[in-house]
Amino acid sequence: MTQTDKQTATAIFANTGHGPNFSVLEIGDPDRVAVVEADTAYWALIDRDDLPQALAGSMAQDFMVRAPEFQAEMDHLRTGLQLSAAYVNPTERCNLNCSYCYLPEEMRKNGIDMGEEKLTLALERLLQHFRKILPEGVKPQLIFHGSEPMVARDAVFAAIARFKNDFHFGIQTNATLLDDTAISFLREHKVGIGLSLDAPTAEVANSTRKNWQGNGYYDTVVSVIKKLVDYPALNVITTVTQANVHTLTEMVDFYHGLGVRVVMLNPVRCTRQGGMDLKPDNHVLAEAFFKALDRSFELFEQTGRKLVIANFANVLAGVIGPTGRRLMCDISPCGGGRCFFAVAADGEVVPCSEFIGMNEFSGGNIFRDDPADILASKPFQEVTNRKVEKIIPCAGCAIRHFCGAPCPAEIYKVSGDINAPSPYCSFFEEQVRHAFRIISQQREDAYLWNSWQTETEMSYCWK
Amino acid sequence: MKAQKQIISYRRRCNLIGQGTGLSHYILLAPSADTTPEDGSK
């Protein structure tokens, strides 16, 4: 017997000596608990009676064989990715004044536009950088974001037409300025479109999303959704607040009835006072959110048509395939300042749109500085070095790589320190437990994008 | 006596992660406009 064989044959105990650090999680499933090795994001769902096998036996040995590969994958995800996207705000202005907006009011009311010439220059400079760092044939993503990018429609559409072969374009818009000509243009240029709607009724939806005179646009937004519902690159965002948290199940019925395929039910960011004032209670949010998820499952079973609730799908994806997640919020460091950054209308570059208006997080100016220097700047490093290992209680939390303790901008505003836990911490805990319950029921495919199966491959399976 | 449930443990890997990309961002969560919808409808 070789020395290696002898070592393999040696019994390995979890949680002592060289054995793995396995945490046991109560997930609320009648039969199973989760066993998690936090650093590698390894997990197993096991019968409560099988715990000895996990803590002293073949499962611990099996994990130890694969642990270096899992660790390398997590290291690459957390520190090895390239910048692949930029959010660009072509204007500071917005025609709406939503109660919870994370951008400063004065900026949205009386701010500047970048203008067509400078927007073209900004995209040219971004493209030069992407061409240096991305493999040949890989297109970077360019998302027009706000404030309201359609306020600068002419400049945005000119940029899309000019750079149509260079970027995958997306636009996040409140939909109020999307006339038929604009819709045709965006369809023709295959631009990803994100719209915002907060409730299935005008009364609730218009209470938070309204113009400077206090008037809402529920009817307009629903009309635009109907026009775009057959468009594969449409998604709709609902910002969840105290005002609409009780409507989430109805919202799922409403979206599914319209034929929408991808939505996000995003808890409001507490980045500014308006958001803080509207933050739903974590327990109330969890209960309403899981009922909405259950409803989406029922509708899928009844009709065969999915309504993917993408912010939850991303958590689920992050558990069963950490590198297959699409959003880079629920991993630490988050994607801000490393996978993407945001360019404000004055050219200042911050790690993410959530940081716009916080000058202390500007890494430079796109019209003056090399993006490589911006990425290496001290303000960016503050965000890209934010790791759950530095945060209490996240450092000892078993689900720290399924949650990521987002969002640094929000936490900075709430706590005055980015290395602090999220105000949504207990909601995020419950969300991961819910993901494990769905895996235990073997229903995960009903909650994920269909394409997720082809975008990912099985790399490990317990036999 | 209760029947024991099978252990579930698996992991998937993104096919494009080696390119340093493979991760869409939230505006581009929906499938590409170049493709048909995920449920195959027109």
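Values in this document were obtained by computation on a predicted structure and should not be read as measured data.

(A) Local environment of the overall build of chain A. Regarding its fold elements, chain A presents 19 helices and 14 strands. By its C-alpha atoms, chain A is 75 × 50 × 40 Å across when sized along the principal axes. A buried classification covers 60% of the 463 residues belonging to chain A. Long-range pairs, those at least 24 residues apart, make up 70% of the contacts in chain A with a sequence separation of at least 6. As displayed, chain A offers around 17600 Å² of accessible surface, 49% of which is attributable to carbon and sulfur atoms. Of the charged side chains in chain A, 44 are positive and 57 negative, and the gap between their average positions amounts to 3 Å.

(B) Representation of the overall build of chain B in the model. When you go through chain B residue by residue, the secondary structure sums to zero helices and one strand. Scored against the burial criterion, the 42 residues of chain B give a buried share of 48%. For chain B, the computed accessible surface area is about 2200 Å², with 53% contributed by carbon and sulfur atoms.

(C) How the structure looks around the sheet that holds strand 9 (residues 262-267) of chain A. Residue and element names in this part refer to chain A. Across the sheet, ten strands lie side by side as 10-9-8-7-6-5-4-11-12-13; this open sheet has mixed pairing. Across the chains shown, the open sheet's two edge strands, defined by having one partner strand only, are strand 10 (308-309) and strand 13 (364-365). As defined by bridge partners, strand 9 adjoins strand 10 across two bridges and the pair is classed as parallel. From the neighbouring strand, Val 263 faces strand 10, where its bridge partner is Ile 309. Across the sheet, helix 9 (residues 218-228) touches strand 7 (192-196) and strand 8 (234-240), and the angle it forms with strand 7 is around 150°.

(D) Layout of helix 13 (residues 310-320) of chain A. With eleven of eleven residues buried, helix 13 of chain A lies mostly within the body of the structure. For helix 13 of chain A, the full list of buried residues reads Ala 310, Asn 311, Phe 312, Ala 313, Asn 314, Val 315, Leu 316, Ala 317, Gly 318, Val 319 and Ile 320 of chain A.

(E) Examining the pattern of salt bridges more closely. Residue and element names in this part refer to chain A. Taken as a whole and assessed by the stated rule, the structure comprises 22 salt bridges over all chains. Taking the shortest distance from any N to any O, the salt bridge between Lys 291 and Glu 287 comes out at 3.8 Å. Taken together, the positions of Lys 291 and Glu 287, both in helix 12 (residues 282-303) and four residues apart, correspond to about one turn of that helix. Judged by its relative accessible area of 48%, Lys 291 falls in the partly exposed class. The salt bridge involving Glu 298 is made with Arg 295; its shortest N-O contact spans 2.7 Å. Pair noted here: Glu 298 and Arg 295 are both in helix 12, with a separation of three residues, about one helical turn.

(F) Structural detail: the pairing of strand 3 (residues 42-47) of chain A. Residues and elements named next belong to chain A. Along strand 3, six of the six residues are buried, which leaves the element largely enclosed by surrounding structure. Pairing of strand 2 (residues 32-37) with strand 3, which is carried by six bridges, proceeds in the antiparallel orientation. In the sheet register, Val 36 faces strand 3, and the bridge partner there is Trp 43. The hairpin turn running from strand 2 into strand 3, its antiparallel successor, is four residues long, and Ala 41 in that turn takes a positive phi close to 60°.

(G) Layout of helix 18 (residues 425-440) of chain A. Residue and element names in this part refer to chain A. Between its first and last C-alpha, helix 18 extends 23 Å over 16 residues, near the 22 Å set by a 1.5 Å rise per residue. Restricting attention to buried positions, one finds in helix 18 the residues Phe 427, Phe 428, Gln 431, Val 432, His 434, Ala 435, Phe 436, Arg 437, Ile 438, Ile 439 and Ser 440. Immediately beyond the C-terminal end of helix 18, within one or two residues, lies Gln 442, with a positive phi of roughly 55°.

(H) Focus on the confidence of the model for chain B. Residue and element names in this part refer to chain B. Per-residue pLDDT for chain B has a mean of 66; in total, 31% of the residues score no lower than 70. Across residues 36-42 the pLDDT falls below 50, and counting only partners more than four positions away or on other chains, this stretch makes 14 contacts in the model. Quick note on the complex model: pTM equals 0.94, ipTM equals 0.92.

(I) Broad picture of empty space enclosed by the protein. All names here are of chain A. Going through the model one piece at a time under the given rule, you end up with five cavities of 30 Å³ or more. There is about 70 Å³ of room inside the second largest cavity. For the second largest cavity, the full set of lining residues is Leu 96, Asn 174, Thr 176, Ser 196, Leu 197, Ala 205, Asn 206, Arg 209, Tyr 217, Tyr 218 and Val 221. Counting only elements with at least two residues in the lining of the second largest cavity, the list comes to helix 8 (202-208) and helix 9. Residues that form the lining of the second largest cavity fall into these classes: six nonpolar, four polar and one charged.

(J) Inspection of the nonpolar core at higher detail. Trp 43, Leu 123, Phe 144, Leu 197 and Phe 436 of chain A are the most contacted members of the largest nonpolar core, which totals 150 residues. The element contributing the most residues to this core is helix 12 of chain A, with nine residues. Counting residues in hydrophobic clusters, the runner-up holds 17 residues, among them Ile 12, Tyr 42 and Ala 44 of chain A together with Ile 7 of chain B.

(K) Region of interest: the packing of aromatic side chains. Residues and elements named next belong to chain A. This model, assessed by the stated rule, comprises 27 aromatic pairs over all chains. With a centroid separation of 4.2 Å and 15° between ring planes, the pair formed by Phe 157 and Phe 185 is classed as stacked. With Phe 157 in helix 6 (residues 153-162) and Phe 185 in helix 7 (residues 180-188), this residue pair connects regions lying 28 residues apart in the sequence. For Phe 185, a relative accessible area of 16% puts it in the buried group. One residue, Lys 306, lies across the ring of Phe 300, its end atom 5.7 Å from the ring centre.

(L) Region of the structure containing the packing of helix 7 of chain A against helix 9 of chain A. Residue and element names in this part refer to chain A. Between helix 7 and helix 9, the least distance of the axes is 11 Å, while the angle of their chain directions is 40°. With respect to helix 9, the element helix 7 is oriented oblique. Between helix 7 and helix 9 lies a crossing whose hand is right-handed. Here helix 7 contributes Asp 180, Ile 183 and Arg 187 to the contact with helix 9, which in turn contributes Val 224, Lys 227 and Leu 228. When the residues that make up the contact of helix 7 with helix 9 are grouped by side-chain class, the tally is three nonpolar, no polar and three charged.

What counts and what doesn't
The residue numbers shown here count from 1 along each chain, following its written sequence. The lettering of chains begins at A and the numbering of ligands begins at 1, in the order of writing. Local features in this predicted model are restricted to residues whose pLDDT is 70 or higher, and side-chain atom pairs enter the listing and the counts only when it is 80 or higher, whereas totals over whole chains, interfaces and linings include all residues. The basis for every side-chain value is the complete set of heavy atoms in the structure, and neither hydrogens nor water enter the calculation. Only runs of H or I of at least four residues qualify as helices and only runs of E of at least two qualify as strands under DSSP, and these elements are numbered from the N terminus. For the exposure calls, accessible area comes from a 1.4 Å probe over protein chains only, and a residue counts as buried if that area is under 20% of its type's maximum, exposed if over 50%, partly exposed in between. By the convention used here, residues are in contact when the closest approach between their heavy atoms is within 4.5 Å. Here the Shrake-Rupley method, with its probe set to 1.4 Å, supplies the accessible areas, and only the displayed protein chains count as covering residues. Counted charges follow a simple rule, with Lys and Arg positive, Asp and Glu negative, and His plus the chain ends left uncounted. For the purpose of locating charges, the reference atoms are NZ of Lys, CZ of Arg, CG of Asp and CD of Glu. For two strands to be treated as a pair, DSSP must find at least two bridges joining them. Here, axes are lines fitted to C-alpha atoms. For helices the fit covers the stretch in contact, and angles between N-to-C directions go from 0 to 180 degrees. Criterion for a salt bridge: a side-chain nitrogen of Lys or Arg within 4 Å of a carboxyl oxygen of Asp or Glu. Here the expected span of a helix is defined as 1.5 Å times the quantity of residues minus one. Per-residue confidence from the predictor is reported as pLDDT, a score between 0 and 100. Buried and open spaces are told apart on a 1 Å grid over the protein atoms alone, a cavity being a set of points where a 1.4 Å probe fits but cannot get out and a pocket being an open set with protein on both sides within 12 Å along at least five of seven lines. Residues with an atom within 4 Å of a point are the lining residues. Grid points are joined across faces, edges and corners, and a volume is the space filled by probe spheres set on the points. In this classification, Asp, Glu, Lys and Arg are treated as charged, Ala, Val, Leu, Ile, Met, Phe, Trp, Tyr, Cys and Pro as nonpolar, and every other residue, Gly included, as polar. Definition used in this section: a nonpolar core is a set of buried Ala, Val, Leu, Ile, Met, Phe, Trp, Tyr and Cys residues joined via side-chain atoms within 4.5 Å. A pair of aromatic rings is counted whenever rings of Phe, Tyr or Trp (Trp by its six-membered ring) have centres within 6.5 Å, and the orientation is called stacked for planes under 30 degrees apart, edge-to-face for over 60 and tilted otherwise. The rule is short: NZ of Lys or CZ of Arg within 6 Å of the ring centre and within 35 degrees of the ring normal puts a charge over the ring. Should an angle lie under 35 degrees it is considered roughly parallel, over 145 roughly antiparallel, and from 65 to 115 roughly perpendicular; all remaining angles are considered oblique. Put simply, a crossing is left-handed when the front helix is turned counterclockwise from the back one by less than a right angle, and right-handed when it is turned clockwise.

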